[in-house]
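Reading the structure
As a plain string of letters, each chain reads:
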Amino acid sequence: MRYINNKIRFIVAFNLLFTMSCENFVELDTPDHILVGPVVFNSGETATAAIKGIYNELADADFSRGYQYSVTVLAGMPSDIFETTSVTDTRYGPFQQNEIAPGETPDASANYNLWSSAYNVIYMANSALEGLENSTNIPAGQLGILEGRALFLRAFTYYYLTNLYGDVPLVLTADYRQNSVATRNPASEVWDQLTDDLEEAVVLLDGQDFYGENERTNINQYVVQAFLARVYLYQEDWKKAEEWSSKVIDQTSIYEILEDLDQVFLKNSKEAIWQISPEGRGFSSTYTGDGYMFRGNSSSPVKLSDNFVASMQEKDKRLANWVGFNSSRSFHFPYKYKDSNSRNSASEYSMVLRLAEQYLIRAESRAMQGNISGAIADVDVLRSRAGLDLINDIEPGINKEALLNIILEERKLELFSEWGHRWFDLKRTGKASQVLMPIKPLWQETDVLFPIPQVEIDKNQNLHQNVGY
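Residues numbered from 1 in each chain as written. Predicted model: local features only at pLDDT ≥ 70, side-chain atom pairs only at ≥ 80, totals over all residues. Heavy atoms only, no water.

1. Overview of the confidence of the model for the protein
This is how it is decided: Scored from 0 to 100, pLDDT reflects the predictor's confidence in each residue. Residues are treated as being in contact if the distance between any of their heavy atoms lies within 4.5 Å.
Counting all residues, the mean pLDDT for the protein is 88, and 89% of those residues have values of 70 or more. Across residues 1-13, where pLDDT falls below 50, the model places 17 contacts with residues more than four positions away in sequence or in other chains.

Here it is as structure tokens:
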């Protein structure tokens with residue numbers, strides 16, 4: 001590795017070391033050519049490279065890359081959004097049937113890849129935070145920004161882990177020897193920690209209202225605010241969810257709802273709050289994992305469910321623009337991303353946070369607080385773009401319960417095939433059994449959580465399995 005500079009050497013070594021640490025839980029001696037700990041963070045340049053390394057990992061990690069083992073795919077299958085294209089599928093079929101195996105089967109392997117890749121990101125964030133804490137040579141302003149971004153990345157990852165698995169080990173150190181015997185923490189403690197991380201991050205990033213290099217892949221204060229709005233929605237803190245979503249919505253010079261649906265998922269679109277660039281993978285291909293996974297060809301393993309497609313009105317522009325159809329095999333597929341084969345320059349980035357979700361967060365929060373007219377106005381922003389009748393025109397006297405049902409339906413239609421929104425929505429609103437039992441014959445109440453991968457339990461006897469597995 002002598003022929004590459006220290007910054008690149010660190011990023012490569014950082015990824016290698018902590019992938020090994022997280023996934024194998026074995027005792028390692030640090031190779032003498034790897035820069036770690038305080039040595040790495042003796043300058044702002046190397047510290048910035050470390051945070052960039054975590055971000056690049058999101059473009060390649062199974063849980064976040066949008067491809068076959070991602071949250072988007074695996075958390076889409078248990079809901080009413082996705083189905084397998086083959087009835088004999090052994091990788092995705094068990095997720096669709098809510099019969100995921102903890103042990104050594106194709107579905108168990110997918111589940112393990114999801115779990116382990118998420119913890120790898122957390123290890124990297126913890127290592128960066130410890131290195132920053134021990135640093136004395138980074139200017140205070142830059143140090144705070146880097147800490148804020150690392151805290152956000154850790155909170156972001158824990159949000160998905162606890163939504164998928166419930167109680168999970170709350171790993172807050174890079175000492176993998178300690179972490180190899182960690183127990184599962186109650187989900188409430190995980191929520192408290194990730195909320196604290198976000199609250200600290202939003203203070204550290206205060207005033208960072210721009211995107212470095214005009215790339216919406218960078219984490220600024222509005223990225224954290226948008227995610228805080230979602231976290232408070234899930235915690236049913238309606239006032240704070242409305243407050244944080246409003247802060248983002250009010251930034252009209254930065255963000256806007258794009259009328260052309262085919263422009264929404266382009267790189268650096270004005271609807272994007274935060275995106276992941278496929279160029280961070282370092283491969284020659286520059287299409288997104290989402291674009292490749294949902295390319296809709298005859299070998300595609302996943303399709304949109306017939307029930308989901310049937311729930312869309314014919315005049316809904318999202319049906320025409322965001323849903324594709326494979327005529328040879330007669331199935332529909334997500335078509336939000338159009339690029340599945342570019343090689344030189346990315347035209348699309350994977351969307352993580354976008355403005356439309358903030359309107360839906362605020363609509364639900366307002367409705368829960370009795371502000372029906374405000375909630376209607378927010379939902380109608382998206383219904384107008386979709387070409388649907390406005391609630392204010394057809395049901396101006398709608399009651400709270402009916403409006404909340406419409407908001408939940410709009411979340412399904414707007415956010416489908418994005419980061420498991422529908423699955424999480426059904427769980428957090430207590431509607432999973434009501435919606436899924438009629439279409440999933442093997443459904444049980446305990447299916448709301450994925451199993452802890454058996455390989456992790458075998459390595460760490462302090463872990464226990466979720467009920468029902």
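2. Digging into the environment of Val448
Here is the rule we go by: What counts as a helix is a DSSP run of H or I of at least four residues, what counts as a strand is a run of E of at least two, and both are numbered from the N terminus.
Turning to its location among the elements, Val448 is positioned in the loop between helix H20 (432-436) and helix H21 (454-459). When the C-alpha atoms of Val448 and Asn98 are compared, they prove to be 8.5 Å apart, with 350 residues separating the residues in sequence. Setting aside residues no more than four positions away along its own chain, Val448 makes contact with Leu164, Trp423, Lys427, Ala432 and Trp443.

3. Thoughts on helix H11 (residues 238-249)
The criterion, for reference: For a helix, the expected span equals 1.5 Å multiplied by the residue count minus one. For every residue, the accessible area (1.4 Å probe, protein chains only) is compared with the maximum for its type, and the residue is labelled buried under 20%, exposed over 50%, or partly exposed between those bounds.
Between its first and last C-alpha atoms H11 spans 16 Å; for twelve residues at 1.5 Å apiece the expected length is 16 Å, and the two agree. Of the residues making up H11, those classed as buried are Trp238, Ala241, Glu242, Trp244, Ser245, Ser246, Val248 and Ile249. Buried residues along H11 sit in contact with helix H9 (187-204), helix H10 (221-234), strand S2 (272-276) and helix H15 (355-368).

4. Side note on the packing of helix H6 (residues 106-133) against helix H7 (residues 140-165)
Any two packed helices are characterised by the angle at which their axes cross and by the distance between the axes. This is how the line gets drawn: Helix axes use the C-alpha atoms of the stretch in contact, all axes being lines fitted to C-alpha atoms, and the angles between their N-to-C directions lie in the range 0 to 180 degrees. If an angle is under 35 degrees, it is roughly parallel; if it is over 145, roughly antiparallel; if it lies from 65 to 115, roughly perpendicular; otherwise it is oblique. We call a crossing left-handed when the near helix sits turned anticlockwise from the far one by less than a right angle, and right-handed when that turn is clockwise. As a working rule, the residues Ala, Val, Leu, Ile, Met, Phe, Trp, Tyr, Cys and Pro are called nonpolar, Asp, Glu, Lys and Arg charged, and the rest polar, with Gly in that last group.
Taken N-terminus to C-terminus, the directions of H6 and H7 make an angle of 155°; their axes are 9 Å apart at the nearest point. Taken together, the axes of H6 and H7 lie roughly antiparallel to each other. For the crossing formed where H6 meets H7, the hand is left-handed. Contact residues: Asn111, Leu114, Trp115, Ala118, Tyr119, Val121, Ile122, Ala125, Asn126, Leu129 and Leu132 in H6; Leu143, Leu146, Glu147, Ala150, Leu151, Arg154, Thr157, Tyr158, Leu161, Leu164 and Tyr165 in H7. Along the lines of polarity and charge, the residues of the contact of H6 with H7 split into 17 nonpolar, three polar and two charged.

5. Brief notes about unusual backbone geometry
Here the phi dihedral of Asn268 falls at roughly 60°; this positive angle occurs in a residue that is not glycine. In this structure, Asn268 sits in the loop between H11 and S2. Unusually for a residue other than glycine, Trp419 sits at a positive phi of about 60°. Tracing the backbone through its elements, the reader meets Trp419 in the loop between helix H18 (400-415) and helix H19 (421-428).

6. As for a negative patch on the surface
As a reminder of what qualifies: The patch calculation keeps residues exceeding 30% relative accessible area without a salt bridge and links them within 9 Å when they carry like charges or within 5 Å when they are nonpolar (Val, Leu, Ile, Met, Phe, Trp, Tyr). Shrake-Rupley sampling with a 1.4 Å probe provides the accessible areas, and residues are treated as covered by the protein chains on show and by no other component. Whenever a carboxyl oxygen of Asp or Glu lies within 4 Å of a side-chain nitrogen of Lys or Arg, that contact is scored as a salt bridge. Residues scored as positive are Lys and Arg, those scored as negative are Asp and Glu, and His as well as the terminal groups of each chain are ignored. Where a charge lies is defined by one atom per residue type, namely NZ (Lys), CZ (Arg), CG (Asp) and CD (Glu).
On the surface, Glu189, Asp192, Asp196 and Glu200 cluster together into a negatively charged patch. Position of Glu189 relative to the elements: it lies in helix H9. Given the relative accessible area of 38%, Glu189 is considered partly exposed.

7. Considering the pattern of salt bridges
Across all of its chains, the model carries 25 salt bridges by this definition. The shortest N-O distance in the salt bridge between Asp262 and Lys338 comes to 3.3 Å. Of this pair, Asp262 sits in the loop between H11 and S2 while Lys338 sits in the loop between strand S5 (331-334) and strand S6 (350-354), placing them 76 residues apart in sequence. Judged by relative accessible area, Asp262 falls into the partly exposed class, the value being 35%. Taking the shortest distance from any N to any O, the salt bridge between Arg385 and Glu271 comes out at 2.5 Å. Here Glu271 lies in the loop between H11 and S2 and Arg385 lies in helix H16 (residues 372-386), a separation of 114 residues in the sequence. On the basis of relative accessible area, Arg385 is assigned to the buried category, the value being 1%. Residues joined in a network through salt bridges with shared partners are Glu271, Asp316, Arg318, Lys336, Arg354, Arg383, Arg385, Glu410, Glu414 and Glu418.

8. Notes on the packing of aromatic side chains
The geometry of an aromatic ring pair is captured by the separation of the ring centres together with the interplanar angle, meaning the angle of the planes. Keep this limit in mind: The aromatic pairing rule takes the rings of Phe, Tyr and Trp, using the six-membered ring of Trp, and pairs them if the centres are within 6.5 Å, calling planes under 30 degrees apart stacked, those over 60 edge-to-face and the rest tilted.
Following the criterion strictly, the structure yields 31 aromatic pairs and no others. Geometrically, the ring pair formed by Tyr159 and Phe424 is edge-to-face, given 6.2 Å between the ring centres and 85° between the ring planes. With Tyr159 in helix H7 and Phe424 in helix H19, the pair connects residues that are 265 residues apart, well separated along the chain. Judged by relative accessible area, Tyr159 falls into the buried class, the value being 0%. Its relative accessible area of 1% is what places Phe424 among the buried residues. Summarising the aromatic geometry, the rings of Tyr222 and Tyr255 are spaced 6.1 Å apart at their centres and angled 90° between planes, so their arrangement reads as edge-to-face. You can see Tyr222 sitting in helix H10 and its partner Tyr255 sitting in the loop between H11 and S2, a full 33 residues away along the chain. For the pair formed by Tyr222 and Tyr255, the shared burial category is buried.

9. Some points on the environment of Pro186
Along the polypeptide, Pro186 turns up in the loop between helix H8 (176-179) and H9. When its relative accessible area of 36% is taken as the criterion, Pro186 is described as partly exposed. When the C-alpha positions of Pro186 and Asp167 are compared, they lie 4.7 Å apart, and in sequence the two are 19 residues distant.

10. Thoughts on the packing of H7 against H9
Across the interface, H7 lies against H9 with an axial gap of 8 Å and an inter-helix angle of 155°. Relative to H9, the element H7 is oriented roughly antiparallel. Both H7 and H9 take part in a crossing whose hand is left-handed. Touching Gly144, Ile145, Glu147, Gly148, Leu151, Phe152, Arg154, Ala155, Tyr158, Tyr159, Thr162 and Asn163 of H7 are Ala187, Val190, Trp191, Gln193, Leu194, Asp197, Leu198, Glu200, Ala201 and Leu204, all from H9. Class assignment of the residues belonging to the contact of H7 with H9 gives a composition of 13 nonpolar, five polar and four charged.

11. Comments concerning the pairing of S5
A regular strand places its side chains so that they alternate between the two faces of the sheet. What counts, and what does not: Two strands are counted as paired when DSSP detects at least two bridges linking them.
Here four bridges tie strand S4 (residues 323-326) to S5, and the two strands are oriented antiparallel to one another. The residue of S5 that forms the bridge with Val323 is Pro334. From the end of S4 to the start of S5, which pair antiparallel, there are four residues, and Ser330 there has a positive phi angle of about 60°.

12. Observations regarding the side chain of Arg428
Worth spelling out the cut-off: Contacts described as polar in this section are N or O atom pairs within 3.5 Å, which, within protein, must combine one atom able to donate a hydrogen with one able to accept it, while residues neighboring in sequence count only if both atoms come from side chains.
Mapping Arg428 onto the fold places it in helix H19. A distance of 2.8 Å separates polar atoms of two side chains, one belonging to Arg428 and the other to Glu364. Sequence-distant contacts of Arg428, defined by excluding residues within four places in its chain, comprise Leu233, Tyr234, Glu236, Glu364 and Arg411.

13. Some points on the nonpolar core
Rules: Only buried residues count toward a nonpolar core. Its members are Ala, Val, Leu, Ile, Met, Phe, Trp, Tyr and Cys residues joined through side-chain atoms within 4.5 Å.
Grouped together as the largest cluster of nonpolar side chains are 123 residues, with contacts concentrated most on Phe63, Phe152, Tyr158 and Trp274. Looking at this core element by element, the count peaks at 15 residues for H7. Beyond its immediate chain neighbours, meaning those up to four positions away, Phe152 contacts Leu198, Ala201, Ile219, Val223, Val224, Phe227 and Trp274. Ile372, Ala375, Val379 and Ile407 belong to the second largest nonpolar core, which has eleven residues in total.

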